[in-house]
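Structure assessment
In case you want the letters, here they are:
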Amino acid sequence: MNIIVKRAVLYYIDKYPKAKTSLLVWYNEFLKQEFENFNELKETYGNASIVGNNRVIFNIKGNDFRLIVSVNFKQLAAYIIWFGAHQEYDKINAETVEFDTKILAYK
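Presented here is a report on the structure given in the accompanying data block.

**Looking at the overall build of the chain**
Along the chain, the regular secondary structure elements total 4 helices and 5 strands. Beginning at the N terminus, the succession of helices and strands in the chain can be written as β-α-α-α-β-β-β-β-α. At 13 Å, the chain has a C-alpha radius of gyration in line with the 13 Å of a compact globule built from 107 residues. Expressed as lengths along the three principal axes of its C-alpha atoms, the size of the chain is roughly 30 × 25 × 25 Å. Counting over 107 residues, the chain shows a buried share of 42%. Total accessible area on the chain is roughly 6300 Å²; 47% of this is exposed by carbon and sulfur atoms. Separation of charge centres in the chain, based on 14 positive and 12 negative side chains, amounts to 7 Å.

**Thoughts on the pattern of salt bridges**
Summed over all chains, the structure comprises 2 salt bridges. Where lysine 102 meets aspartate 100, a salt bridge forms, and the shortest distance between an N and an O atom there is 3.7 Å.

**Observations regarding the pairing of strand S5 (residues 77-85)**
For a regular strand, side-chain orientation follows a simple rule: the groups alternate between the two sheet faces. Of all 9 residues that make up S5, 8 are buried, and the element is covered over most of its length. Relative to S5, strand S4 (residues 65-72) runs antiparallel, the two being bridged by 8 bridges. Opposite phenylalanine 65, over in S5, you have alanine 85 as the bridge partner. Where S4 folds back on S5, the antiparallel hairpin that results is connected by 4 residues, among which leucine 76 adopts a positive phi of roughly 50 degrees.

**A look at helix H2 (residues 20-31)**
An ideal rise of 1.5 Å per residue puts 16 Å on 12 residues; H2 measures up with 16 Å between its terminal C-alpha atoms. Looking only at H2, the buried set comprises Leu23, Trp26, Tyr27 and Phe30. Along H2, the residues classed as buried sweep out an arc of 100 degrees about the axis, all on the same side. Its buried side turned inward, H2 meets strand S1 (2-4), helix H1 (7-15), helix H3 (38-44), strand S3 (55-60), S4 and S5.

**Quick notes on unusual backbone geometry**
Notably, asparagine 53 is not glycine yet its phi reads approximately 65 degrees, a positive angle. Mapped onto the fold, asparagine 53 is located in the loop between strand S2 (49-51) and S3.

Rules used throughout
Residue positions are given per chain, counting from 1 as you read along its sequence in written order. Per-residue local features are limited, in this predicted model, to residues with pLDDT of at least 70; the limit for side-chain atom pairs, both in listing and counting, is 80 or more; totals at the level of whole chains, interfaces and linings are taken over all residues. The side-chain numbers reported here are obtained from all heavy atoms of the structure, hydrogens and water having been left aside. Put simply, DSSP marks the helices as runs of H or I at least four residues long and the strands as runs of E at least two long, and each gets a number from the N terminus on. Radius of gyration: C-alpha atoms only; globule rule: 2.2 Å multiplied by the number of residues to the exponent 0.38. Each residue gets one of three labels from its accessible area relative to the maximum for its type: buried under 20%, exposed over 50%, partly exposed in between, using a 1.4 Å probe on protein chains only. Each accessible area value is a Shrake-Rupley result obtained with a 1.4 Å probe; residue values ignore everything except the protein chains displayed when judging cover. His is not counted, nor are the chain ends, whereas Lys and Arg count as positive and Asp and Glu as negative. For this purpose, a charge sits on NZ of Lys, CZ of Arg, CG of Asp or CD of Glu. The working definition used for a salt bridge is a side-chain nitrogen of Lys or Arg within 4 Å of a carboxyl oxygen of Asp or Glu. In this description, strands pair whenever DSSP reports at least two bridges between them. For a helix, the expected span equals 1.5 Å multiplied by the residue count minus one. The arc in question is the one traced by the directions running from the helix axis out to the C-beta atoms. Contacts are assigned to residue pairs that have any heavy atoms within 4.5 Å of one another.

Below, the structure written as structure tokens:
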């Protein structure tokens, strides 16, 4: 899968250093995959959940962090919408939370 806006990973690693290793492992594994649909993704990532807007929720570092990714299975592309601690995730709507455009100006 192609991950669009790769600097989002760098941004979130700096923001959440405790998640660095786990997020990088997810990123490197996800890049090597080609999923045609959510069922295929679910076979690899058993804890993944799908919500509206083609968004998939991943548990990172056990269940300490949540990652929201928009996945386009047809184009084998994805982009990170949001990443944060589980407590922060509980305060947002995973279907409607918007990509933080300040990430585009990051490093």
